[in-house]
Every structure is written in C-alpha cells, then in structure tokens.
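As a plain string of letters, each chain reads:
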Amino acid sequence: MSNKVLIVDDAAFMRMMIKEILSKNGYSVVGEASDGAQAVEKYKELGPDLVTMDITMPEMDGISALKEIKKLDPNARVIMCSAMGQQAMVIDAIQAGAKDFIVKPFQADRVLEAIKKTLS
C-alpha cells in the first residue's frame, strides 16, 4: 500500500516538483493545496498519512496550518518546506509539531529521506 501524501505550497511548480519526486518513488499524492486554509480543509477531507507544508503562503501560513491540523489530529505527520533556512522558523515549526524540515530548492534524496524517516 502506498502512503497518501498531501502537498501544500503556494507555488504550483514546487507542488509539481514534490509530486514528481513522490510519484516516481511509489507514494500516492492524494491532494494539493496552495495555502494553509485549504491545507486544513484538504486534511479533514483526505486524511493523508503525511503532509509536506510550505511555511510562507497567503491566507494562512504553514505554521498556523500545522497548528490547526495538529488540533484536528494530534498524530498528524507534517514535514515543513521553506526557501528560507531561517533558524527561528525551523524552531517554530518543530515546536508546533513538524516532524522534519526540508529546504528549497529540493534535493530529491533529502525529500525522500525526510519522508521515509517520518513515516517509519
């Protein structure tokens, strides 16, 4: 059985890149969202095994969305993604319950390593 993944990023090409990496490696991308508010709705609707979440997005940022998802499902597995390797954001994300953190531009092996580690 392939693990179901929800991809959240306001940039369509970033979603496409992650989707490609995951699809090639046997993961099932069950949904995509372009902001945090959509991510929370899609999480409720789809119940994914894992979420990749951008931090900087319109409407609701990734850390706020992470907190909302954690309220819905304390066992939610979320990996944060951001172009800004800013220490404070990484710490906020981990404190809010993120399982791991990947920095853009993505290295396919780093994305897969984070996902395998989070799902195991």
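Preceding this paragraph is the structure being described.
Read on for a plain summary of the structure. (Residues numbered from 1 in each chain as written. Predicted model: local features only at pLDDT ≥ 70, side-chain atom pairs only at ≥ 80, totals over all residues. Heavy atoms only, no water.)

### Remarks on the nonpolar core
By size, the foremost hydrophobic cluster in this structure holds 22 residues, and its most contacted members are Val8, Val51, Met53, Val78 and Met80. Among the elements of the structure, strand 1 (4-8), helix 2 (36-46), strand 3 (50-54), helix 3 (62-72), strand 4 (78-82) and helix 4 (87-95) are those that each provide at least two residues to this core. No other element matches the four residues that helix 3 contributes to this core. Dropping the residues within four chain positions of it, Val51 is found in contact with Leu6, Val8, Tyr43, Arg77, Val78 and Ile79. Membership of the second largest hydrophobic core comes to 18 residues, among which are Val5, Ile7, Ile21 and Ile79. (Core = buried A, V, L, I, M, F, W, Y, C linked by side-chain atoms within 4.5 Å. Buried < 20%, exposed > 50% of the residue type's maximum accessible area, 1.4 Å probe, protein only. Helix = DSSP H or I, 4+ residues; strand = E, 2+ residues; numbered from the N terminus. Contact = heavy atoms within 4.5 Å.)

### A closer look at the side chain of Lys70
Inspection of the secondary structure puts Lys70 in helix 3. Among buried charged residues, Lys70 stands out as having no salt bridge; its nearest opposite-charge side chain is Asp73, 7.0 Å away. For Lys70, the side chain forms a polar contact with the main-chain oxygen of Ala76, separated by 2.9 Å. Setting aside its immediate chain neighbours within four residues, Lys70 contacts Asn75, Ala76, Ala96, Gly97 and Lys99. (Lys, Arg positive; Asp, Glu negative; His and termini not counted. Salt bridge = Lys/Arg side-chain N within 4 Å of Asp/Glu carboxyl O. Polar contact = N/O pair within 3.5 Å; in protein donor to acceptor, adjacent residues only side chain to side chain.)

### A look at the side chain of Asp49
With respect to the helices and strands, the residue Asp49 is situated in the loop between helix 2 and strand 3. Of the side chains bearing the opposite charge, Arg77 lies closest to the buried Asp49, which forms no salt bridge; the N-O distance is 4.5 Å. A polar side-chain atom of Asp49 sits 2.7 Å from the main-chain amide nitrogen of Lys4.

### Regarding the pattern of salt bridges
Taken as a whole, this structure holds ten salt bridges when the rule is applied. Across the salt bridge formed by Lys19 and Glu32, the nearest N and O atoms sit 3.2 Å from each other. Taken together, the positions of Lys19 in helix 1 (residues 12-24) and Glu32 in strand 2 (residues 28-33) put the pair 13 residues apart, joining distant regions of the chain. Three or more residues are tied together by salt bridges with common partners; here these are Asp100, Arg110, Glu113 and Lys117.

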